[in-house]
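Structural overview for review
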Amino acid sequence: RTPAARPWSGGTAMTTICDLPEDVLVELLSLLPARDLVRTCRLVCAQWRYVVDLTTLWKRKCQREGFYLQNLDRSVSDWKIFYMLCNLKRNLIKNPCAEENFRHWKLDNNEGDKWKIEDLPGTHGREMPNPKVHKYFVTSYGPCFKSQLINLKKEGYWNQLMDEKRPEIVVKDWYAARFDCGCRYELTVRLLSEDYIVLEEFRPEPVVIEQWSDASWREISHTFQNYPAGVRHIWFQHGGQDTQFWAGWYGIRVTNSSITIGPRTL
């Protein structure tokens, strides 16, 4: 008959994860998703809260995920927020290159022969510098404007982050004309409050391109910094028309639009 097992009576207590050296605990916790660290691990005990709040943990996560560069050491004031913003960073404009027809875009003005989508390079056009872009939106002889409204909270940017950290908001757009027709390009980007009040606006002078241009694609870019607290939405609108009122699609061409939110460095 097999004898019954007896309880172990060794002289030392069992080691727990809390007995690990701080640098080992940092290494282990840095493997976890940020959401779990902040919402769960930080509440376990005082020691874990201390470790989760350590600069070294968030710096280690940045290293793991490719967000860390040696020259950032002196310019990053908060590695936790830096990591969060790097992790969230992506193009907030949906369907920027017309791959999904006009999905996600609101056609604010659609006059003349209306908006159309064409394949690059298009008639009397040129290829984009970015080889991954294959299509563009093109305007007609009547005003053609389209827009997107971005809800920052739905995209993961919580109110406190936007109000206290004021991360950089970078806007980019690409536009081009046909070689054989003049056209006009316009862009408006607004930072809006919860109630859609305009807190800051980027609205450069319209670009008028004369007939017989080089048809090259050009990029326009703007960075919002030190904007007022309370930004909850971003409104992006672009478009234009041809300047010679020709039937068809001889107006400005636009594609590869982007809005990204990223960390500020000192």
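Our structure's up above, just so we're on the same page.
Residues numbered from 1 in each chain as written. Predicted model: local features only at pLDDT ≥ 70, side-chain atom pairs only at ≥ 80, totals over all residues. Heavy atoms only, no water.

With respect to burial, strand β6 (residues 183–192) is a largely interior element, eight of its 10 residues being buried. Across three bridges, β6 lies against strand β8 (residues 207–209) in antiparallel orientation. From the neighbouring strand, C183 faces β8, where its bridge partner is I209. Two strands pair when backbone bridges link them, and β6 and strand β10 (residues 233–242) are joined in this way by 10 bridges, in the antiparallel orientation. Bridge pairing links Y185 to G240 in β10. Of the pairings in the sheet, the one linking β6 to strand β7 (residues 198–202) comprises four bridges and is antiparallel in character. (Buried < 20%, exposed > 50% of the residue type's maximum accessible area, 1.4 Å probe, protein only. Helix = DSSP H or I, 4+ residues; strand = E, 2+ residues; numbered from the N terminus. Pairing = 2+ DSSP bridges.)

Moving on, we come to the state of the cysteines. Per the stated rule, a full pass over the model turns up zero disulfides. Looking at C86, it has no disulfide partner, and the nearest cysteine sulfur is the one in C62, 5.8 Å off. Accessibility expressed as a relative area gives 16% for C86, which makes it buried. In this model C183 remains outside any disulfide bridge; the closest cysteine sulfur is found in C181, 6.9 Å from its own. With relative accessibility at 0%, the residue C183 sits in the buried group. (Disulfide = S-S within 2.5 Å.)

It is worth stressing that arrangement in space is one thing and function is another; only the former is reported here.
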